[in-house]
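Take a look at the letters that make up each chain.
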Amino acid sequence: MDGVGWGQRKGPEKSIAQRSDKHHRCDQRLWPDYRGPWLALRYLVNRLPAWFGRSAGHGPLLDKLVNGRHSARNWRRILDMEQTPFGPTSDEFAPNPQQRCATVLLLDVSGSMQGQPLAELQAGLNVLRDELYADDLVRKRVEIAVVTFGGTVDIVHNFTGVEYFQSPALVAKGDTPMGQAILMGLSLLNERKKEYHRNGILYFRPWVFLLTDGAPTDTQTPEWTQAVSMVRQGETDKKFIFHGFGVQDADMSRLAELSQRHYKLTGFKFRELFKWLSNSLGAVSRSTPGTKLLLPPPPYIEIET
Amino acid sequence: MWRVAGASIAGTSHQRSSVPCQDYLEFLRCEIAGEPALVAAIADGAGSAALSHVGAKEVVKALVSAVGAANCAVAEVNFAASQSWFRNALVHLQESAAREKLETRDMDCTALLAILAERHAVFAQIGDGAWIADANGILEPMTWPYKGEFANETKFLTSPGAIDSMQFRKCEQPLTAVAGFTDGIETLALNMVTKTVHAPFFTRMFGELEKCEDDTSLLSPLISFLSSDRVNERTDDDKTLVVARRVGTGQIRDELA
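Residues numbered from 1 in each chain as written. Chains lettered and ligands numbered in written order. Predicted model: local features only at pLDDT ≥ 70, side-chain atom pairs only at ≥ 80, totals over all residues. Heavy atoms only, no water.

**Some points on the sheet that holds strand β8 (residues 167-171) of chain B**
All names here are of chain B.
Here comes step 1: Reading across from one edge, β2-β3-β4-β5-β8 is the order of the five strands in this open sheet, with antiparallel pairing throughout. Looking at which strands have only one partner, the edges of the open sheet turn out to be β2 (23-32) and β8. Recorded for the sheet is a direction-independent mean angle of 10° between the axes of neighbouring strands.
Here comes step 2: In this structure, β2 lies alongside strand β3 (residues 35-44), joined through 10 bridges in antiparallel fashion. (Pairing = 2+ DSSP bridges. Helix = DSSP H or I, 4+ residues; strand = E, 2+ residues; numbered from the N terminus. Axes fitted to C-alpha atoms, helices over the stretch in contact; angles between N-to-C directions.)

**Overview of the confidence of the model for chain A**
All names here are of chain A.
Here comes step 1: Within chain A, residue pLDDT values average 79, and 71% of them lie at 70 or more.
Here comes step 2: Summarising per-element confidence for chain A, the mean pLDDT is lowest in helix α1 (residues 21-24) (44) and highest in strand β1 (residues 101-108) (96).
Here comes step 3: Contacts from residues 66-70, a stretch scored under 50 in pLDDT, to residues over four places away or in other chains number five contacts. (pLDDT = per-residue confidence, 0-100. Contact = heavy atoms within 4.5 Å.)

**Here's the deal with the pattern of salt bridges**
Here comes step 1: In total, this model carries 22 salt bridges over all chains according to the counting rule given.
Here comes step 2: Its salt-bridge partner being R198(A), residue E195(A) comes within 2.8 Å of it at the nearest N-O pair. With E195(A) and R198(A) both in helix α7 (residues 178-198) and three residues apart, this pair spans about one turn of that helix.
Here comes step 3: Overall, R198(A) belongs to the exposed group, its relative accessible area being 57%.
Here comes step 4: Note that K239(A) and E149(B) form a salt bridge whose closest N and O atoms lie 3.1 Å from each other. Linking K239(A) in the loop between α8 (222-236) and β5 (241-247) with E149(B) in the loop between β7 (138-141) and β8, this pair reaches from one chain into another. (Salt bridge = Lys/Arg side-chain N within 4 Å of Asp/Glu carboxyl O. Buried < 20%, exposed > 50% of the residue type's maximum accessible area, 1.4 Å probe, protein only.)

**Overview of the packing of aromatic side chains**
What characterises a pair of aromatic rings is the spacing of the ring centres plus the angle enclosed by the ring planes.
Here comes step 1: Evaluated as defined, the whole model comprises 16 aromatic pairs over all chains.
Here comes step 2: Here the aromatic rings of Y203(A) and F150(B) are separated by 5.7 Å at their centres, their planes lie at 75°, and the arrangement is edge-to-face. Taken together, the positions of Y203(A) in the loop between α7 and β4 (207-212) and F150(B) in the loop between β7 and β8 put the pair across two chains.
Here comes step 3: Here Y203(A) falls in the buried class, since its relative accessible area comes to 2%. (Phe/Tyr/Trp six-rings, centres within 6.5 Å; stacked < 30°, edge-to-face > 60°.)

**Overview of the interface of chain A and chain B**
Here comes step 1: On the side of chain B, 36 residues touch chain A, which itself brings 31 residues to the contact.
Here comes step 2: Note on chain A versus chain B: buried area summed over both sides is about 3100 Å², and carbon and sulfur give 57% of it.
Here comes step 3: On the surface where chain A and chain B come into contact, there are three salt bridges.
Here comes step 4: The residue E92(A) makes a salt bridge to R230(B) at a minimum N-O spacing of 2.6 Å.
Here comes step 5: Taken together, the connections running from chain A to chain B amount to 11 residue pairs in polar contact (both at pLDDT 80 or more).
Here comes step 6: Among the residues making up the side of chain A that touches chain B, the classes are represented as 12 nonpolar, 11 polar and eight charged. (Buried area = accessible area lost by both parts, 1.4 Å probe. Polar contact = N/O pair within 3.5 Å; in protein donor to acceptor, adjacent residues only side chain to side chain. Nonpolar A, V, L, I, M, F, W, Y, C, P; charged D, E, K, R; others polar.)

**Observations concerning the environment of T187(B)**
Here comes step 1: One can find T187(B) in helix α4 (residues 183-189).
Here comes step 2: For the pair T187(B) and A69(B), spaced 118 residues apart in sequence, the C-alpha separation works out to 34 Å.
Here comes step 3: Those residues within four positions of T187(B) in sequence are excluded, and the remaining contacts are A94(A), N96(A) and R234(B).

**Considering unusual backbone geometry**
Residue and element names in this part refer to chain B.
Here comes step 1: A positive phi angle is found at S18, which is not glycine, with a value near 55°.
Here comes step 2: Residue position: S18 is located in the loop between α1 (12-16) and β2.
Here comes step 3: Residue class for S18 comes out exposed when judged on its relative accessible area of 64%.
Here comes step 4: A positive phi angle, close to 55°, is found at K195, a residue other than glycine.

**Examining the packing of helix α2 (residues 52-68) of chain B against helix α3 (residues 79-99) of chain B**
Residue and element names in this part refer to chain B.
Here comes step 1: Viewed as axis vectors pointing N to C, α2 and α3 meet at an angle of 140°, and their least axial separation amounts to 9 Å. Between α2 and α3, the crossing angle belongs to the class labelled oblique. Between α2 and α3 the crossing geometry is right-handed. Contacts from G55, E58, V59, A62, L63, A66 and V67 in α2 reach W85, F86, A89, H92, L93 and S96 in α3.
Here comes step 2: Of the residues that constitute the contact of α2 with α3, the class distribution is nine nonpolar, three polar and one charged. (Parallel < 35°, antiparallel > 145°, perpendicular 65-115°, else oblique. Left-handed = near helix turned anticlockwise from the far one by under 90°.)

**Comments concerning the nonpolar core**
Here comes step 1: If you look at the biggest cluster of nonpolar residues, it comprises 37 residues, and the most contacted ones within it are L63(B), W85(B) and F86(B).
Here comes step 2: Put simply, the parts of the chain that give this core at least two residues each are β2, β3, α2, α3, β4 (111-116) and β5 (121-126) of chain B.
Here comes step 3: In terms of residue count, the dominant contributor to this core is α2(B) (eight residues).
Here comes step 4: Look past the residues within four positions of F86(B) in its chain and what remains in contact with it is L63(B), A111(B), L113(B), A124(B), Q125(B), I126(B), L157(B), I163(B) and M166(B).
Here comes step 5: In terms of nonpolar packing, the next biggest core, distinct from the first, is built from 35 residues, C101(A), L125(A), L132(A) and L211(A) among them. (Core = buried A, V, L, I, M, F, W, Y, C linked by side-chain atoms within 4.5 Å.)

**What to know about the side chain of K193(A)**
Here comes step 1: Within the secondary structure, K193(A) is located in helix α7.
Here comes step 2: Contacts of K193(A), omitting those with residues within four sequence positions, involve Y203(A), P206(A), K239(A), E149(B) and F150(B).

Dropping the structure here:
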């Protein structure tokens, strides 16, 4: 022993007889003490991430394993978490139904919608479904009904959760009985609310969403007058939120009669519009008591200058 | 003697948008007219109010100190007396708002109060959240969350007529266990359809509370439970839960046994 070896211990030189067997078995220059193999392993493990292309440090798991002194404590902590007094049991939470956000879509499918507008609308419905479906909580909370008006007023899709929503095939025909459609939509909504009450389901303020490319053809009928007064009353009493959207040659003054929230849409940007609707419904269905929501305005709105 | 554990944890939606936890909870062991009692108060600040977390704290502190300083026995407490405590808290809130040059509605919050004495208990509440209690081995709601027509509507201490329509419940019998919580816990702990308490949520907690040696040993399991993924899957709102269990020996405990 020349006394300059790597990791040489300080202190008086021990005779061979005084050393333990452990030190006899390995070369003192390479393995200076019993921690040698462990340090080497630690060095290897520490370097591994660098060798495999990670530039700095290593993950928390490796850290826990490598920093030997702490690992036992870490494991105990992990075990303790498993044995918390409030550990999971199968029925620990009440099986409450999710709060619902009912949405009625009133869609104009009169003859003038034939062709590209209808195809865009159909695609828009799919976008709405996909967007709403993508969020776990929103999927369970938003419910959609679709009423079309074109010649006749049809409930093409009654209220279902987004999970079960299949966008209906739309067919363009006839004139624009908008007043009737509004009444139909509102009565569907009332039925749904009663259903919620009967089953003790909490709900958010429903949304009514009207989309048209023309002017109502039933303005001379009592239905139109009634529809206007019901929408206005509902808005004042905060029973629902009514949005009116017009495209192309839509009679915006009629939409203005119904609600302050009426917008002229550029072109047939239905996909973007439904994307906005799904985002807004998502925000609503996650809102908590006393929350005032600041929703962004709908996209592609024409503003008169 | 009551063993108590309670905590407020910010909801995941609040964490995401860096909004502070708007719930506040405080409990106090004191003597009311010579009788040992536990006073607990909870408030949940409105999401729409910018400083509702401050409002919640002010209201809770005002309620706890008013009740702690009361000089009428818990057996004598009635609706009017409780109303006066809530009115004090409201005045305190209005004064704090005026001092800071704020609108009172910037500090909107709900308010829940419980006073547990040896043989009597009083529960009062404005807004949502609830108190539940174990009376004769059955878990019953003492108050029920107030909801407007819509799920995201409730009443706040500052709402017009809130104090007149305050919920009040007085128990003339000794209770073995009590829990109070804000709306973040509501749908986990209450069956909203049958309007009953979901007992499995509490039975285990009350059991553990009875077994543990002191108040603090259950605090960290409670916090990790409230922040656990399985709770967060069900609620993204702030969560406050306070659980109290009667412990120790005494005449009342023997009677209850």
